[in-house]
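Coordinate analysis (summary)
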Amino acid sequence: MAHKRIVLIIGGGIAAYKCLELIRRLRERGVGVRTVLTKAAQQFVTPLSVGALSNDLVLTDLFDLDDEREIGHIRLSREADLIVVAPATADLLARMAGGHANDLATAVLLATDKPVLVAPAMNPRMWSHPATRRNVALLAADGVRCVGPAAGEMAEAGEAGLGRLAEVPELLEAIEALLAEGAPKPVLPLTGRHVLVTSGPTHEPIDPVRYIANRSSGKQGYAIARAAAALGARVTLVAGPVTLPDPKGVTTVHVETAAQMLAAATAALPVELAVFAAAVADWRVVNAAGEKIKKQASGAPPALALAENPDILRTLAARGARRPRLVIGFAAETENVIEYAKKKRKSKGADWIVANDVSPETGIMGGDRNSVHLVTQQGVESWSEMDKDEVAMRLMQRAAEHLLANEAAAE
Ligand code: C5P
């Protein structure tokens, strides 16, 4: 929030004192606060106390507009990033909804082109009155944002209900969110890119209840999908059977078999970056039974006929117009990790291979941490052990840089 500036319009309500605390908290966060006190507000807080806390302009009525401080209501409203009205009384809301400009507060509100946040506070009956309901609805339709009111005891004895000014932390949160909304969004390094990730194991049915599987948890691939999305990419995640929640902001396609995974991955093309993190079963059962296989009286086990599954990585990495610009494969090995990875990179047509040792003693398969080697055309980089999320983020950042550098070289 630092270096932002808000205009705080304090309305005339008993809750106005909470604005003093709000100003302090905003100042602590580096936010500049210029204040406008309505005539009624001055019955509850003084310009002196407000000014001492805000260390900035405190304006009280339209006459201020022409004084030596030389700041008109137009400038005042335009120089702010956000206008906050707290407490917003029923009368102030009504005048805002009606487009009045008969004092400095409403003149500023009518002249602004900046977001406006109101924090209503009033007697519960005034809040529930149809006129106030109407005014609040009109203001919402005009794009005015609202925080609170909260329920609870009122200042008046024996009165309780909806009408208390939102508490300071809630006001701060709403202000923070609106200031962040207005800030220009940083351009993320994978913005505008489509990324495909395969993840998890595949299940190859033997019969309707049995299947061939492996120990892949899908954690690394899911982390890669999340990281790519966090870096701005549009992500399609093709996931085998796992128990992980679908990542937010990612299109997740659930599949079971290698054949389905290949079909879903192919359907996701074109993509600029493809990461094949799935532990695809090497074989499928060609004579899978339509009904559950029964034990034979003879004790003879069923003969399963296996066929090799399509290699999804190799298929999609094959040269052609639809080849992703960067193809990353994984190599999970239990010995000679780097040597196998180098061979795999070439034989599969991948650009990069992320190699890891999945011997049971490493705890990598199914675990949260990973220790990988990145094998590229240039050589091998061994990364220290880190969380799978961190591996994912580093890998996606490297991929983003690579795509950018390649584009620059092609120009
Ligand atoms: O199983 P393998 O060691 O060959 O896997 C290496 C890479 O190839 C991994 O990135 C894996 O996702 C991919 N792969 C694939 N389709 C297969 C087998 C492996 O995409 N059928």
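Residues numbered from 1 in each chain as written. Predicted model: local features only at pLDDT ≥ 70, side-chain atom pairs only at ≥ 80, totals over all residues.

Another point: the overall build of the protein. Helix and strand content of the protein: 13 helices and 22 strands. A compact globule built from 411 residues should have a C-alpha radius of gyration of about 22 Å, whereas the protein, at 31 Å, is more than 25% larger. (Helix = DSSP H or I, 4+ residues; strand = E, 2+ residues; numbered from the N terminus. Rg over C-alpha atoms; globule rule 2.2 N^0.38 Å.)

What follows concerns the sheet that holds strand E5 (residues 116-120). Strand order in this open sheet of six strands is E3-E2-E1-E4-E5-E6, and the pairing throughout is parallel. If you trace the sheet from one side to the other, it starts and ends with strand E3 (58-59) and strand E6 (145-146), each paired once. Here strand E2 (residues 32-37) runs beside E3; their pairing, made up of two bridges, is parallel. Along E3, the bridge assignment pairs Thr 35 with Val 58. (Pairing = 2+ DSSP bridges.)

Around the ligand, a shell composed of 15 residues is seen, among which Phe 276, Val 280, Ile 312, Leu 313 and Gly 329 lie nearest. Counting residues per element, the shell around the ligand draws most heavily on strand E17 (residues 326-333), at three residues. Of the residues that constitute the shell around the ligand, the class distribution is nine nonpolar, three polar and three charged. (Near = placed C-beta within 6 Å. Nonpolar A, V, L, I, M, F, W, Y, C, P; charged D, E, K, R; others polar.)

For strand E4 (residues 82-88), the buried fraction is high: seven of the seven residues fall into the buried class. Note: strand E1 (residues 5-10) against E4, four bridges, orientation parallel. Its bridge partner being in E4, Leu 8 is matched across the sheet by Val 84. By the bridge criterion, four bridges tie E4 to E5 in an arrangement that is parallel. Note that in E5 the partner of Val 84 across the bridge is Leu 117. (Buried ≥ 20, exposed ≤ 12 C-beta atoms within 10 Å, placed from the backbone.)

On domain assignment, one finds that the protein holds domain 1 (5-180) and domain 2 (194-410). Inter-centroid distance (C-alpha atoms) of domain 1 to domain 2 is 54 Å. (Domains from an automatic or database assignment.)

Quick look at helix H1 (residues 18-28) now. Lys 18, Cys 19, Leu 22, Ile 23 and Leu 26 are the residues of H1 that are buried. The arc that holds every buried residue of H1, seen down its axis, measures 140°, which confines them to one face. On its buried face, H1 is in contact with E1, E2, helix H2 (47-54), E4 and helix H8 (168-182). Trailing H1 by a residue or two, Gly 30 shows a phi angle of about 80°, which is positive. (Arc of directions from axis to C-beta. Contact = placed C-beta atoms within 7 Å.)

Let's shift gears to the packing of helix H4 (residues 90-98) against helix H7 (residues 130-141). In a packed pair of helices, the relevant descriptors are the angle between the two axes and the axis-to-axis distance. Relative orientation of the contacting elements H4 and H7 amounts to 50°, with a least axis distance of 9 Å. Taken together, the axis directions place H4 and H7 in an arrangement best described as oblique. Note on packing geometry: the crossing formed by H4 with H7 is left-handed. Contacts between H4 and H7 involve Ala 90, Leu 93, Ala 94, Met 96 and Ala 97 on the former and, on the latter, Ala 131, Thr 132, Asn 135, Val 136, Leu 138 and Leu 139. Each residue belonging to the contact of H4 with H7 can be placed in one class, and the counts come to nine nonpolar, two polar and no charged. (Axes fitted to C-alpha atoms, helices over the stretch in contact; angles between N-to-C directions. Parallel < 35°, antiparallel > 145°, perpendicular 65-115°, else oblique. Left-handed = near helix turned anticlockwise from the far one by under 90°.)

In this section: unusual backbone geometry. Between Gly 148 and Pro 149 the backbone carries a cis peptide bond, its omega angle lying at 0°. When you line up the elements, Pro 149 lands in the loop between E6 and strand E7 (150-153). With an omega of 5°, the peptide bond running from Leu 269 to Pro 270 counts as cis. Among the secondary structure elements, Pro 270 is positioned in the loop between helix H10 (258-267) and strand E14 (273-276).

Attention shifts here to the nonpolar core. Counting residues in hydrophobic clusters, the biggest one holds 60 residues, and the most contacted among them are Val 197, Ile 224 and Ala 228. When residues of this core are assigned to their parent elements, the largest contribution, seven residues, is made by helix H9 (residues 219-230). Leaving out residues up to four positions away in the same chain, Val 197 has contacts with Gly 221, Ile 224, Ala 225, Ala 228, Val 235, Leu 237, Val 275 and Ala 277. Grouped together as the second largest cluster of nonpolar side chains are 58 residues, Leu 22, Val 50, Leu 53 and Met 122 included. (Core = buried A, V, L, I, M, F, W, Y, C linked by C-beta atoms within 7 Å.)

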